[in-house]
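Examination of the molecular architecture
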Amino acid sequence: MKKNAFSNRVLTQRLGFSLLTLVALFTVIPILAVIAYIVAQGAPAISWEFLAGFPREGMRAGGILPAIVGTFYLTLGTAIFSVPLGVAAAIYLAEYARENWLTRLIRIAIINLAGIPSVVYGLFGLGLFVFFLRFGTSLLSASLTLSIMTLPVIISAAEEALRAVPQAFRTVSVSLGGTRWQTIRRIVLPQALPGIITGVILGLERAAGETAPILFTGAAFFLPRLPNSPFDATMALPYHLFVVSTQVPEMPIQIQYGTALVLIAFVLGMNLIATVIRSRARAKRQW
Amino acid sequence: MKCFIFFTLLLVFLSSCGPAASQSISSTQASTYIENKGSDTIVNLALAWAERYQSEHPEVSISVTGGGSGTGIAALLNGTVDIANASRQIKPEEMQEAQSKGINPVEYIIARDAIAVIVNPENPVKELTLQQLSDIYSGKINNWRGVGGEDRPIVRLSRETNSGTHVYFLETVLRLGEKNSKTLFSTDTLLLPSSEGIINEVRQNPNAIGYDGLGYVPKDLKMIAIARQPSDSYVLPSIATVNDNSYPIARDLYMYTAGKPNGAVAAYLDWIMHSDEAQAIVAELGFVPIK
Amino acid sequence: MDKSLSWREYVITRAIKASGYSAIVFVALIFYFLLHDGLPALSEVPLADLLGQRWYPIENYFSILPLITGTLIVTLGAMLVAIPLGIGTAVFIAEIAPRWTRDILKPLVELLGGLPSVVLGFLGILILAPFLRVFLNLPTGLTALAGSLLLGGIAIPTIVSIAEDALDAVPQSYREGAWAIGATRWQTIWRVTLPAARSGVLTAVMLGLGRAIGETMAVMMATGNAPVLAVKLTSLFSPVRTMTATIAAEMGEVASGSVHYHVLFFIGLVLFLISLAVNVAASAVVFRQKKRAERVLS
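Residues numbered from 1 in each chain as written. Chains lettered and ligands numbered in written order. Predicted model: local features only at pLDDT ≥ 70, side-chain atom pairs only at ≥ 80, totals over all residues. Heavy atoms only, no water.

**Topic: the overall build of chain B**
Helices and strands together make up the secondary structure of chain B, namely 10 helices and 11 strands. Among the 291 residues that make up chain B, the fraction classed as buried is 59%. Sequence-distant contacts, at least 24 apart, represent 71% of the contacts inside chain B between residues at least 6 apart. Split by element, the accessible area of chain B, about 11500 Å² in all, is 54% carbon and sulfur. (Helix = DSSP H or I, 4+ residues; strand = E, 2+ residues; numbered from the N terminus. Buried < 20%, exposed > 50% of the residue type's maximum accessible area, 1.4 Å probe, protein only. Contact = heavy atoms within 4.5 Å. Areas by Shrake-Rupley, 256 points an atom, 1.4 Å probe, with all protein chains shown as cover.)

So this is what it looks like as structure tokens:
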């Protein structure tokens, strides 16, 4: 075949595409490998006792129930504080705000909140909730800290979901005599709900997996019983993984992998739920 | 509608108690709650004690947290714990800080501990003097050849600066007990956030040297025999050598309370220091009982 | 009936407006607390000491330089890994992969983004560090390199996600125009599509950078935490200590109000300002690109 400029370009393209395919594989395969490895190593540790029992023998045996319950409470607490505030803020941005300098400032603030390192949130939570407001090392301090951290995620996702609702919906409602709030509450919000829920779940997923913000605001090494008030400290899965992998001598490796497995199952489970809601909503969408 | 549900949940959650409930011991409730925090060296011992004590006294709940001796003392000063665990004595600055807050820390010796120096089982070196140890950690000796070993770089492992073990090692080994010495750890010393990290690294890395409380060293790791002077005999750490003072790197372990304790805390401390059971647990975990 | 309705409407509208401003309130509050508890460090520690050689707080050596260089070198390494892999994967997903592959890959990469950093740190100590030690014949595997690889893994999903969205948003007409004049798909990607998506891709990289700088647990577990001044290229292969790991490791031990406490908050302040700078730069890039696009189209 005669070599010409065109066939050179085709050759370059073939090489380039192969290279990029390799790159993508190189990125994706480690993800699968990591998850598969943890599942393989951690599965033997999973038993009813592990999931529902308390730690024994200096946490080298028994279960991790307090950590699981603690993470559940923290996620719930985060949701309670961040969801109403975040959704309301998103409604403001999508439905009420005018494009002026104030709105730009709010958006910059949101982007910045999203970028603040998680350990700085921990410092802030320590200074404000633990010391200044005297909540102490507690579920409350940790949840509040996590909620401020989750806020930007929820606001962004909710705003996007609200904006995706076609303007026609709002126009029709107003033309039938609805006020702005009535329109939002009865028409726009329900339509945007799947998108908002997806965003909320993804935000909470991140909150559930974070360690640094709860290190000094709520996490405890060992508690003999489950927390029964928001002012109690709590064990939590991410911190517990840190503890069993670095702080306790002669910790059976199975418990370490088992804890890691439960943590990623919790987190990825939430991810899966969010993805399912998102795709089903997309299918049922009325526009 | 969503807002309504959330606010109701919030109210229910918050109304179930008030802030005073779990600050410290609340004598109005049937069960008492003791907060115990501090040294990572002591944390597993404290946990074992807590477990045994709670099984015999079900009306008492004890929560145990690590974080380092500095963390425990800081928490005591901040008023957030009942008992602070420390593997070093309270520093003069901390004492000052305490007094400025109106707190008078009371010290109790609850066990004794040897600091074992560990190396990888493949490492041929088995004895060192305190001076050699000091030179290794301060950066003067960088290769195992310098102490009679193989031609390998020395990787120094240490606990974090908030650890009482770290401070004790600094004062007793690096500075050889001299109050005015300014010797410091070499900057490339790895400051690992836990004892277990040190154990793991020493276990897999033939270049590594680390130190840790005797209670943390598993049987498969190699401990170095230490001599105070080259002319003394080299001694391995054990309960016997700590009690007769022949092992040069041994120390007391402490618990501090804010002022003299009473009620459940006093009973717990008494059990720890004076009961055979508690001191048997000390020996079981590799520490040295105080009797 | 009408009156109570409009009163309710008024209250709700006010509440929503207040929520809207909440983001600004929180950023200001965080900034205030960091300033309040961090600035005293500047008066308590002489500037020469803050920029000295050693970080050893229990003996009052408070130089933050080793920590800053530690963060920089780990982040630099992370970006060297994350940018090629991230952009390459994004291009692959957006431009080369068939539809069915796309639908699998995109959620998969998002999955990695959800992995908690403590899990990656955990694997870092158990698997990555020993591997690096043996493979590269290093004294220890707990190094800046280990941290960089883990951080790269954490930053990649962010970069892929946003860059892929940006590439996807480039109108098909751009590509078709290029093909119409005889360009291959490869040439189109690099000379037309990617430049058109430039601002989005840059944003992706900056956000990935922000994530890498702010990461705590993975670096605390895997970098060895030795406060060396990491200024040589070979420092990548030695243990380092990052700003974030320092705060996490030492915050628990400080008595509130002590010098050490203030210095740790000061470090937090520095981190806050760095992430502020990165984010402002990212949004400035987007803004400038938008303005240019408006000029071109008008």
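**Some words on the overall build of chain C**
When its secondary structure is counted, chain C shows 13 helices and two strands. Along the three orthogonal principal directions, the C-alpha set of chain C runs to about 70 × 70 × 35 Å. In chain C, the proportion of contacts linking residues at least 24 apart, taken out of those at least 6 apart, comes to 72%. When the accessible surface of chain C is totalled, it reaches about 12400 Å², and 68% of it is carbon and sulfur. Positive and negative charge centroids in chain C, built from 21 and 17 side chains respectively, lie 9 Å apart. (Lys, Arg positive; Asp, Glu negative; His and termini not counted. Charge placed at Lys NZ, Arg CZ, Asp CG, Glu CD.)

**As for the pairing of strand β3 (residues 83-86) of chain B**
Residue and element names in this part refer to chain B. Where burial is concerned, the two faces of β3 agree: the one with I83 and N85 and the one with A84 and A86 are both buried. For strand β1 (residues 32-38) and β3, the ladder comprises three bridges, and the chain directions are parallel. The residue of β3 that forms the bridge with K37 is A84. Across four bridges, the pairing between β3 and strand β11 (residues 250-258) is antiparallel. (Pairing = 2+ DSSP bridges.)

**Points about the interface of chain C and chain B**
Facing the 29 residues of chain C at the interface are 31 residues of chain B. Both faces considered, chain C and chain B share a buried interface measuring about 2500 Å² in area, 55% of it formed by carbon and sulfur atoms. Our enumeration of links across chain C and chain B arrives at one salt bridge. Joining chain C to chain B, the criterion identifies seven residue pairs in polar contact (both at pLDDT 80 or more). Of all the elements in the fold, those that place two or more residues in the side of chain C that touches chain B are α6 (117-135) and α12 (243-250) of chain C. The element contributing the most residues to the side of chain C that touches chain B is α6 of chain C, with three residues. Classifying every residue of the side of chain C that touches chain B by side-chain character gives 17 nonpolar, six polar and six charged. (Buried area = accessible area lost by both parts, 1.4 Å probe. Salt bridge = Lys/Arg side-chain N within 4 Å of Asp/Glu carboxyl O. Polar contact = N/O pair within 3.5 Å; in protein donor to acceptor, adjacent residues only side chain to side chain. Nonpolar A, V, L, I, M, F, W, Y, C, P; charged D, E, K, R; others polar.)

**Examining the interface of chain A and chain C**
The partner chain C presents 72 residues to the 75 residues of chain A that form the contact. Summed over both partners, the interface of chain A with chain C comes to about 6600 Å²; 81% of that surface belongs to carbon and sulfur atoms. If you look at where chain A meets chain C, you find one salt bridge. Residue R278 of chain A is joined to E110 of chain C by a salt bridge in which the shortest nitrogen-to-oxygen separation is 3.9 Å. Summed over the shared surface of chain A and chain C, the number is eight residue pairs in polar contact (both at pLDDT 80 or more). A total of 18 residues in the side of chain A that touches chain C trace back to one element, the largest contributor, which is helix α1 (residues 5-42) of chain A.

**Some words on the nonpolar core**
For soluble globular proteins, the rule of thumb is that nonpolar side chains tend to be buried together. With 226 residues, the main nonpolar core has M59, I91 and L113 of chain A, W49 and Y268 of chain B together with M251 of chain C as its most contacted residues. When residues of this core are assigned to their parent elements, the largest contribution, 14 residues, is made by helix α4 (residues 65-96) of chain C. Leaving out residues up to four positions away in the same chain, M59 of chain A has contacts with F221, F222, M235, H240, V243, V248, M251 and I255 of chain A together with L47 and E51 of chain B. (Core = buried A, V, L, I, M, F, W, Y, C linked by side-chain atoms within 4.5 Å.)

**Concerning the confidence of the model for chain C**
Residues and elements named next belong to chain C. Across chain C, the average pLDDT comes to 85, with 94% of residues at 70 or higher. Ranking the elements of chain C by mean pLDDT puts helix α3 (residues 47-50) last, at 74, and α4 first, at 91. We note a pTM of 0.84 for the whole complex and an ipTM of 0.85 for its interfaces. (pLDDT = per-residue confidence, 0-100.)

**Description of a nonpolar patch on the surface**
Residue and element names in this part refer to chain C. A surface patch of nonpolar side chains, amounting to about 360 Å² of accessible area, comprises L39, L42, L47 and L51. Take L51: it is sitting in the loop between α3 and β1 (55-56). The class for L51 is partly exposed, based on a relative accessible area of 48%. (Patch = residues over 30% accessible without salt bridge, like charges linked within 9 Å, V, L, I, M, F, W, Y side chains within 5 Å.)

**Let's talk about the pattern of salt bridges**
Going through the model one piece at a time under the given rule, you end up with 24 salt bridges over all chains. In this structure, the salt-bridge partner of R56 of chain A is E49 of chain A, at a minimum N-O distance of 2.8 Å. We note a salt bridge from D165 of chain C to K106 of chain C, for which the minimum N-O separation is 3.0 Å. One end of the pair, D165 of chain C, is in helix α7 (residues 144-169); the other, K106 of chain C, is in helix α5 (residues 99-114), and 59 residues separate them in sequence. What makes K106 of chain C buried here is its relative accessible area of 18%. Linked by salt bridges that have partners in common, R102, K106, E164, D165 and D168 of chain C make up one network.

**Here's the deal with the packing of aromatic side chains**
All names here are of chain A. Scanning the model with the defined rule gives 27 aromatic pairs over all chains in all. Relative to F242, the ring of Y239 has its centre 6.2 Å away and its plane inclined at 35°; by these criteria the two rings are tilted. Residue Y239 and its partner F242 are both found in helix α10 (residues 237-246); the two are separated by three residues, about one turn of the helix. For Y239, a relative accessible area of 10% gives the class buried. What makes F242 buried here is its relative accessible area of 4%. (Phe/Tyr/Trp six-rings, centres within 6.5 Å; stacked < 30°, edge-to-face > 60°.)

**What to know about the packing of α4 of chain C against α7 of chain C**
Residues and elements named next belong to chain C. At a minimum axis distance of 6 Å, the contact between α4 and α7 shows a crossing angle of 35°. The hand of the α4/α7 crossing is right-handed. Split into classes, the residues belonging to the contact of α4 with α7 amount to 22 nonpolar, six polar and two charged. (Axes fitted to C-alpha atoms, helices over the stretch in contact; angles between N-to-C directions. Left-handed = near helix turned anticlockwise from the far one by under 90°.)

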